[in-house]
Amino acid sequence: MDKFKRGLKRKLSAIICTKCGLAGHSSTDQRCPHWNVEELAVYPPLSLRCYAELTRLLTEYRNQVHLTKEDSQWREQILRLIENAIKPLYPDARLVLFGSSANGFGTPNSDLDISMRLPGVIGQKKQASIVRALMRQLKKQSSRDKWCRENVQCIPWAKVPIVKMTLSHKLHGLECDISVGNYMALHNTEMLSTYASIDERVPILGLALKQFAKNCGVCDASAGSLSSYSYILLLLHYLQQAKPPVIPVLQQIGALGTTIVDGCNCWFYRFDNLYQLSRVWPHVNKNRCTAGELWVSFFKYYTEDFDWSRRVVTVRQIEPLSKLEKSWTHKSACVEDPFNVGRNLAGHLSDASKQSLVVL
């Protein structure tokens, strides 16, 4: 045994951390001094009055920034405008909104994410040629009708080729991204919208969390932090794990099915009303916590209860999911995509963003 321990000690000493330069651990090991954060201050429990005021503020914020029926109708009008502009080129094309504009967590400033649906199966090379043609068509149309404020651009080499443009001020100056196909995103949008429809506290907390992360400077995937979509998944996971749960795991209830999109199973339970949901999930309206209480408990869950070193944030199963099961043991933070389950949405985090998750 002593010989084994000496061998293990020599092996560990051969590992040099690229962050702190010390031996005995890797750069992703949270024992590294690089990951040391100040002890969280211990505050006395909030009073009922404080929780009530927090609930009022969260609800008031949602009422101020959520997409109204008029906002959604306006976005549909813009969609039809763009659709008519590309009809001469692709008469069978149909444009569909996805992302924040349609998932229940959008604001009037949310980008317009648009999927162009065409008949048949379209490979990535074909998608790239289509977005180039789209760019030329939209440039021509925009120069005539002046509904674009900035030059129309395309990114054909992206994993999902897109056309990017900024609409004119009369169209609210919205940023607009058009992709071809991207059908998994449509299923994802529908599932998030379904979660948002189950309980009004879900969009109340989701909109506040997105703004909170933006204010903290940790809500930009291009800058090495989590995307707003990932933060919504963190929230949904917590609400599924709450006692009693606020929302179900839609991919685990009802008669399980299969909906294959791009090689991934995008099935989830759909329902027409809460009564229908209650027949397969008995916890409807059982959690009586206020939005303020859930807000505080959300941060407590991720700072005290959730084991970032061993567990994966997942919304597709109620059972704990370990990094070992996913072979993601070398990742410091893991957020699983609910459909493309081999994708870690936190795999690109910068050091600063990783530290922000440690203290969240």
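Below you will find a few notes about this structure. Owing to the predicted nature of the structure, the values given are computational and were not obtained by experimental measurement.

1. Some words on the packing of helix α5 (residues 183–198) against helix α7 (residues 228–241)
For step 1, the next point in the chain: Running from N to C, α5 and α7 point in directions that differ by 45 degrees, and their axes come no closer than 12 Å. For the element pair α5 / α7, the angle class is oblique. The chirality of how α5 crosses α7 is left-handed. Here N188, L192 and Y195 of α5 lie close against α7, whose contacting residues are Y229, I232, L236 and Q240.
For step 2, the next point in the chain: Split into classes, the residues belonging to the contact of α5 with α7 amount to 5 nonpolar, 2 polar and no charged.

2. Quick notes on the nonpolar core
For step 1, the next point in the chain: Of all hydrophobic cores here, the largest spans 59 residues; its most connected members are L234, L236, L239 and Y302.
For step 2, the next point in the chain: When residues of this core are assigned to their parent elements, the largest contribution, 9 residues, is made by α7.
For step 3, the next point in the chain: Contacts of L236, omitting those with residues within four sequence positions, involve L192, Y195, V202, I247 and V315.
For step 4, the next point in the chain: Grouped together as the second largest cluster of nonpolar side chains are 32 residues, L112, M116, C148 and C176 included.

3. Some remarks on the pattern of salt bridges
For step 1, the next point in the chain: By the definition in use, this model includes 13 salt bridges.
For step 2, the next point in the chain: Put simply, D199 and R201 hold a salt bridge, and the shortest N to O gap is 2.6 Å.
For step 3, the next point in the chain: Using a relative accessible area of 11% as the deciding quantity, one classes R201 as buried.
For step 4, the next point in the chain: Salt bridges sharing partners connect three or more residues here, namely E53, R56 and E60.

4. Quick look at the pairing of strand β4 (residues 162–166)
For step 1, the next point in the chain: Counting buried residues along β4, 4 of its 5 residues qualify, which places the element largely inside the surrounding structure.
For step 2, the next point in the chain: Both strand β3 (residues 153–155) and β4 contribute to a ladder of 3 bridges, which runs antiparallel. Bridge pairing links C154 to V163 in β4.
For step 3, the next point in the chain: Connecting β3 to the next strand, β4, in antiparallel fashion are 6 residues.

5. Some words on the sheet that holds β4
For step 1, the next point in the chain: The strand order across the open sheet formed by 5 strands is β1-β2-β5-β4-β3, and the pairing between neighbours is mixed. At either end of the open sheet lies a strand with only one pairing partner, and these are β1 (94–98) and β3. Here the strands of the sheet are splayed against their neighbours by 25 degrees on average, with no regard to which way each runs.
For step 2, the next point in the chain: As paired strands, β1 and strand β2 (residues 112–117) are joined by 5 bridges and run antiparallel to one another. Considered in β2, the bridge of L97 is made with I114.
For step 3, the next point in the chain: Seen against the sheet, helix α3 (residues 69–86) touches β1, β2, β4 and β5 (175–180) and runs at an angle of roughly 145 degrees to β1.

Rules used throughout
Residues numbered from 1 in each chain as written. Predicted model: local features only at pLDDT ≥ 70, side-chain atom pairs only at ≥ 80, totals over all residues. Heavy atoms only, no water. Axes fitted to C-alpha atoms, helices over the stretch in contact; angles between N-to-C directions. Helix = DSSP H or I, 4+ residues; strand = E, 2+ residues; numbered from the N terminus. Parallel < 35°, antiparallel > 145°, perpendicular 65-115°, else oblique. Left-handed = near helix turned anticlockwise from the far one by under 90°. Contact = heavy atoms within 4.5 Å. Nonpolar A, V, L, I, M, F, W, Y, C, P; charged D, E, K, R; others polar. Core = buried A, V, L, I, M, F, W, Y, C linked by side-chain atoms within 4.5 Å. Buried < 20%, exposed > 50% of the residue type's maximum accessible area, 1.4 Å probe, protein only. Salt bridge = Lys/Arg side-chain N within 4 Å of Asp/Glu carboxyl O. Pairing = 2+ DSSP bridges.

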